[in-house]
Amino acid sequence: QNPCFAMAEEKSKPEQDVTGKLPRDWFDNASEADNWKVRFKCLKTIIGIFVDEEDPDCNVEMPVNFAKNKQNAHVLRWLVDFLEKENHVFTRIAVLRILPALIPALS
């Protein structure tokens, strides 16, 4: 067995329907995000759901993984778009913190 997969199995986290808890306007805001402040606010909304805080620190480890949801692919699309377009370091860090929690829910 590949040791990388063994480590991933050991660290499995509980799942939470983060995408289902996103406010309705999150997708509109993400699609219209044209600067780092709007993108960062979208990311803080996701992280706030994870850590159950209104104004979360974006440099935290995600305590849960995303649960399967039909909208996860859309969230992934916006996160990749933010990562591609954004040079703001803290926005990029937030995206890279969220992605490992989202990717398992896509399979």
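Residues numbered from 1 in each chain as written. Predicted model: local features only at pLDDT ≥ 70, side-chain atom pairs only at ≥ 80, totals over all residues. Heavy atoms only, no water.

K.L.:
Could you give an account of the overall build of the chain, naming the residues involved and the relevant values?
P.N.:
Scanning the chain for helices and strands turns up six helices and two strands. Moving toward the C terminus, one meets the helices and strands of the chain in the order α-β-α-α-α-β-α-α. Within the span of the chain, comprising 107 residues, buried residues form 36% of the whole. A fraction of 70% describes how many contacts in the chain between residues 6 or more apart in sequence connect residues 24 or more apart. (Helix = DSSP H or I, 4+ residues; strand = E, 2+ residues; numbered from the N terminus. Buried < 20%, exposed > 50% of the residue type's maximum accessible area, 1.4 Å probe, protein only. Contact = heavy atoms within 4.5 Å.)

K.L.:
Can you tell me about a nonpolar patch on the surface, naming the residues and giving the values?
P.N.:
On the surface, Val89, Phe90 and Ile93 cluster together into a nonpolar patch covering about 280 Å² of accessible area. Tracing the backbone shows isoleucine 93 in helix H6 (residues 89-102). (Patch = residues over 30% accessible without salt bridge, like charges linked within 9 Å, V, L, I, M, F, W, Y side chains within 5 Å. Areas by Shrake-Rupley, 256 points an atom, 1.4 Å probe, with all protein chains shown as cover. Salt bridge = Lys/Arg side-chain N within 4 Å of Asp/Glu carboxyl O.)

K.L.:
Please set out the packing of aromatic side chains residue by residue, giving values where relevant.
P.N.:
One pass over the structure, following the stated rule, counts three aromatic pairs. Residues tryptophan 26 and phenylalanine 27 carry aromatic rings whose centres are separated by 5.2 Å and whose planes lie at 85° to one another, so their mutual orientation is edge-to-face. Since its relative accessible area comes to 2%, tryptophan 26 is described here as buried. Aromatic pair phenylalanine 50 and phenylalanine 66: ring centres 5.3 Å apart, planes at 70°, arrangement edge-to-face. Residue phenylalanine 50 is located in helix H4 (residues 36-51), and its partner phenylalanine 66 is located in strand E2 (residues 65-66); the two are separated by 16 residues in the primary sequence. Side by side, phenylalanine 50 and phenylalanine 66 carry an identical accessibility label, which is buried. (Phe/Tyr/Trp six-rings, centres within 6.5 Å; stacked < 30°, edge-to-face > 60°.)

K.L.:
Got a sec to walk through the pattern of salt bridges? Specific residues and values, please.
P.N.:
Tallied over the entire structure, the rule returns two salt bridges. A salt bridge links arginine 39 to glutamate 86, with the nearest nitrogen and oxygen atoms 2.6 Å apart. Taken together, the residues arginine 39 in helix H4 and glutamate 86 in the loop between helix H5 (72-85) and H6 connect sequence positions 47 residues apart. For lysine 85, the salt bridge identified is with aspartate 81, shortest N-O distance 3.3 Å. You can see lysine 85 and its partner aspartate 81 sitting in helix H5, four residues apart, about one turn around the helix.

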